[in-house]
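Below are the chains, spelled out letter by letter.
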Amino acid sequence: MTRGNQREVDRARAQARTAKHAGNDNNDGLTPQQRNERDKKAMLEKQAKKKRTRRRRAATAKSARIPASPAPSTAPARKKKKKEEDLSALLADGLNVSGKKKK
């Protein structure tokens, strides 16, 4: 392939790519407000569908009498120990700001 031919081939490929992606415009000639209303309606339908599937699954789980997960324990939760060292204490111990020890 020669260089001159390569330019022509690249132009043809670029035009093909542009034509392929030109039809993917989601605006459909709508105003932003109309698009928002369309998207809102689609989202509400999606949420309603998801809600129905959740209810259906919950109903089938009840009818199948699947044992529920064990109840959380009533023992008090362990408290994590908190290191209360401030920057000045670390620097006094020989650490510099980058976190490496001094020699």
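Residues numbered from 1 in each chain as written. Predicted model: local features only at pLDDT ≥ 70, side-chain atom pairs only at ≥ 80, totals over all residues. Heavy atoms only, no water.

K.L.:
So what exactly am I meant to see when it comes to the overall build of the protein chain here?
P.N.:
Regarding its fold elements, the protein chain presents three helices and zero strands. Its helices and strands in sequence order give the protein chain the pattern α-α-α, from N to C terminus. Per element, the accessible surface of the protein chain, about 10,900 Å² overall, is 52% carbon and sulfur. (Helix = DSSP H or I, 4+ residues; strand = E, 2+ residues; numbered from the N terminus. Areas by Shrake-Rupley, 256 points an atom, 1.4 Å probe, with all protein chains shown as cover.)

K.L.:
Just checking my understanding: could you explain the pattern of salt bridges for this structure?
P.N.:
Opposite charge on two side chains makes pairing possible when the charged atoms of those side chains draw close. Going through the model one piece at a time under the given rule, you end up with one salt bridge. A salt bridge links arginine 38 to aspartate 39; its shortest N-O distance comes to 3.4 Å. Note on arginine 38: relative accessible area 32%, which makes it partly exposed. On the basis of relative accessible area, aspartate 39 is assigned to the partly exposed category, the value being 41%. (Salt bridge = Lys/Arg side-chain N within 4 Å of Asp/Glu carboxyl O. Buried < 20%, exposed > 50% of the residue type's maximum accessible area, 1.4 Å probe, protein only.)

K.L.:
In this structure, what is going on with a positive patch on the surface? I would like to understand it.
P.N.:
Residues Lys46, Lys50, Lys51, Arg54 and Arg55 make up a contiguous surface patch of positive charge. Within the secondary structure, lysine 50 sits in helix α2 (residues 32-63). (Patch = residues over 30% accessible without salt bridge, like charges linked within 9 Å, V, L, I, M, F, W, Y side chains within 5 Å. Lys, Arg positive; Asp, Glu negative; His and termini not counted. Charge placed at Lys NZ, Arg CZ, Asp CG, Glu CD.)

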